[in-house]
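For reference, the chains in residue letters:
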Amino acid sequence: MRKLIFFLITITYSLLPSNCFAQNDSILPKTAPKTMLCEIKMHDGSLYKGYIEKQNDSLIYLKSSVGVLIHVPKKQINSIDFINGHTTKDSTGNMLIHIPNIAYNYYVVFSNAFLLKKGEVYGSSNGFIFNNNINYAFNQNFSLGISTSVLAAPISLHAKANFEVAHKLYIGVDGLLGTGSWLSTKSYGGGGLAKVTYGDVKDNFTVFAGYGNLDYYIKPQRRRRGGFGRAGYFDNIYSVMAGAAMSYAISAKIHFVAEFLAAPKITVYNTSNLAASQMGFYSLSPAIRTAIKPNISWVFGIDGVFFTSTNKGSTTNTAFALPYVGFSFRL
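Residues numbered from 1 in each chain as written. Predicted model: local features only at pLDDT ≥ 70, side-chain atom pairs only at ≥ 80, totals over all residues. Heavy atoms only, no water.

Q: Just checking my understanding: could you explain the overall build of the protein chain for this structure?
A: Looking only at helices and strands, one finds zero helices and 21 strands in the protein chain. Sequence separation of at least 24 residues holds for 47% of the intrachain contacts in the protein chain that already meet a minimum separation of 6. Total accessible area on the protein chain is roughly 18,300 Å²; 63% of this is exposed by carbon and sulfur atoms. (Helix = DSSP H or I, 4+ residues; strand = E, 2+ residues; numbered from the N terminus. Contact = heavy atoms within 4.5 Å. Areas by Shrake-Rupley, 256 points an atom, 1.4 Å probe, with all protein chains shown as cover.)

As structure tokens, then:
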């Protein structure tokens, strides 16, 4: 198997798989941690869910959430789904340990705090022109990549750190730091987002909060007939934000996802005339996300937006809804 890894869009590698597998009749990788929640599907259609305590050539010992140890015969197992697993076939060649679908890590735009897979390249495209991201996971807790936008052309370093703190409970931190690229080379900004995720790959929700700051450079203007025009200056834009997201598995291949985001006080400070104005931004986005293929997931929905603008004592309210299409991928 060959894996194509893009990191910072400039480096391409071909890697041979480096996972170690048992050489006997084992169907589990040697490195599978006991804390990895899995679902075992039997040939008769029955399901067992729990944590693998140990195994031998004929049995898997599965501990349930209430502490009951279940003996599962390997010959009767059809498949095993891990929340944070990988794909391989066992030595008998007739059983598959499934890839966790890339759909499990995303809502509409935002991602959850589930653990990453070491060596994985993943990303998303949100609305195709608004935000595109690609990241490389150095281990299950940390990844680094870039985010960019065709519309506004910023290029930002994008770091993610996710951790498991308890059964079904995860915390994560996202960080962005970048520049305005060709559109406004002197512009720069950054921000951070903290999130808490509860649940498993089928049903989960996340709450998040963060802060962003952008210094956007307004280019100087010259008069047509000579003389001095307006000098260049910065608009300093900053805001706190908070929101929530959820995912619910309608079926094995379709998830209902939704996001709510609120930035009630976005401040725009003009350093030229020392004046400030404020805006409020709110969005609600219900959508359907596909989990048909493990390495690509499409999302289709409606993006409802409401924002307010206050300037010189006058407030303007605007609301609209637009169709939304995006996708997430893994290389």
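Read on for the rest.
Q: How should I be thinking about the environment of Ala 275 in this particular structure?
A: Mapped onto the secondary structure, Ala 275 falls in strand β19 (residues 275-290). Residues Ala 275 and Asn 311, 36 residues apart in the sequence, show an inter-C-alpha distance of 9.6 Å. If we skip the residues at most four places from it in the chain, Ala 275 touches Val 268, Tyr 269 and Asn 270.

Q: Which parts of the structure should I look at to understand the sheet that holds strand β13 (residues 155-166)?
A: As a general point, the strands of a sheet are linked pairwise by backbone hydrogen bonds and lie either parallel or antiparallel. An order of β10-β11-β12-β13-β14-β15-β16-β17-β18-β19-β20-β21 is seen for the 12 strands of this closed barrel, with the pairing classed as antiparallel. Each neighbouring strand pair of the sheet contributes to a mean axis angle of 20°, computed without reference to strand direction. Of the pairings in the sheet, the one linking strand β15 (residues 184-199) to strand β16 (residues 203-218) comprises 12 bridges and is antiparallel in character. Bridge assignment links Gly 189 to a residue of β16, and that residue is Leu 214. (Pairing = 2+ DSSP bridges. Axes fitted to C-alpha atoms, helices over the stretch in contact; angles between N-to-C directions.)

Q: Help me understand the nonpolar core in this model?
A: Generally speaking, a soluble globular protein has its nonpolar side chains buried in company with each other. Counting 10 residues, the largest nonpolar core consists of Cys 38, Ile 40, Met 42, Ile 52, Ile 60, Leu 62, Val 72, Ile 77, Ile 80 and Phe 82. When residues of this core are traced back to their parent elements, those giving at least two are β3 (37-42), β5 (59-63) and β7 (77-82). Contacts of Leu 62, omitting those with residues within four sequence positions, involve Cys 38, Ile 40, Tyr 48, Lys 49, Gly 50, Tyr 51, Ile 52, Val 68, Leu 69, Ile 70 and Val 72. If you look at the next biggest cluster of nonpolar residues, it comprises six residues, including Val 121, Ile 134, Tyr 136 and Phe 329. (Core = buried A, V, L, I, M, F, W, Y, C linked by side-chain atoms within 4.5 Å. Buried < 20%, exposed > 50% of the residue type's maximum accessible area, 1.4 Å probe, protein only.)

Q: Is there a simple way to explain the environment of Ala 245 in this structure?
A: Relative to the assigned elements, Ala 245 resides in strand β17 (residues 233-249). Judged by its relative accessible area of 5%, Ala 245 falls in the buried class. Considered as a pair, Ala 245 and Ala 258 are 13 residues apart in the sequence and their alpha carbons are 5.6 Å apart. With sequence-adjacent residues up to four places away left out, Ala 245 is seen in contact with Tyr 107, Asn 204, Phe 205, Thr 206, Phe 208, Ala 258 and Glu 259.

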